[in-house]
Amino acid sequence: MHEKLAPASVLTPLLELGNKRGFIVVDMADVDLFTPTEQSTLPESPLHLLSGVDRGDHLANWSPDEALPAIVDADRTPLTLTEGIHWLLQRPDILERGKCFMTIGSRLRKPDGSFDTRTPAVWISNGTGRDGKDNRNAPKVGWCWWGNRHTWLGFASASDRVPLPN
């Protein structure tokens, strides 16, 4: 479903792992302002289908700077945050501790046109810090710095987006 109809802030609490509901980190109150990049242009239709979706485990420990060209060179498209959440709503088994993913198809543009250095990701909370112990083992929508590497975060992508008729 197009993110204009179902933004990340609405979808995230629908995520569930065990008996824990999904949440958005407190310092990402602007989550719905992260929009598709040119490599992840969404169809105009309200609904579209993703094919060949992959968590991108083979790209773990790469930075987004390194992963984006590899995804594009493989003729794939990075998932947007809302696409990643929709995928997890349909396939909650995809989210595993130590095997989670970034959604670099969504970025936040600053007023000067440059990108914010945060990139959205979905993983399982450890319940530490501002997450709070009650969120331990809950699906977490957060962010990582664009230049950072994480051994436990892949880069979700798809082979195609197909618009569905209204």
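The following paragraphs examine the structure supplied in this document. (Residues numbered from 1 in each chain as written. Predicted model: local features only at pLDDT ≥ 70, side-chain atom pairs only at ≥ 80, totals over all residues. Heavy atoms only, no water.)

## Structural notes on empty space enclosed by the protein
And then number 1: Counting across every chain of the model gives one cavity of 30 Å³ or more.
And then number 2: Of the voids in this model, the largest cavity is the one considered here, and its volume is about 30 Å³.
And then number 3: Leu 15, Glu 16, Leu 88, Pro 92, Leu 95 and Pro 139 are the residues that line the largest cavity.
And then number 4: Residues belonging to the lining of the largest cavity are distributed by class as follows: five nonpolar, no polar and one charged. (1 Å grid on protein atoms, 1.4 Å probe; cavity = no way out; pocket = protein on both sides within 12 Å on 5 of 7 lines; lining within 4 Å. Points joined across faces, edges and corners; volume = space filled by probe spheres on them. Nonpolar A, V, L, I, M, F, W, Y, C, P; charged D, E, K, R; others polar.)

## Considering the sheet that holds strand β3 (residues 23–24)
And then number 1: One open sheet accounts for five strands, arranged β3-β10-β9-β7-β11; its pairing is mixed. In this open sheet, the two strands that pair with only one neighbour each are β3 and β11 (153–155).
And then number 2: Relative to the sheet, helix α2 (residues 64–73) contacts β7 (100–102), β9 (118–124), β10 (139–145) and β11, its axis offset from that of β11 by approximately 35°. (Pairing = 2+ DSSP bridges. Helix = DSSP H or I, 4+ residues; strand = E, 2+ residues; numbered from the N terminus. Contact = heavy atoms within 4.5 Å. Axes fitted to C-alpha atoms, helices over the stretch in contact; angles between N-to-C directions.)

## Some points on the pairing of β10
And then number 1: Of all seven residues in β10, five are buried, a share of seventy percent or more.
And then number 2: Note: β3 against β10, two bridges, orientation parallel. In the sheet register, Phe 23 faces β10, and the bridge partner there is Lys 140.
And then number 3: Two strands pair when backbone bridges link them, and β9 and β10 are joined in this way by seven bridges, in the antiparallel orientation. Note that in β10 the partner of Ala 121 across the bridge is Gly 142. (Buried < 20%, exposed > 50% of the residue type's maximum accessible area, 1.4 Å probe, protein only.)

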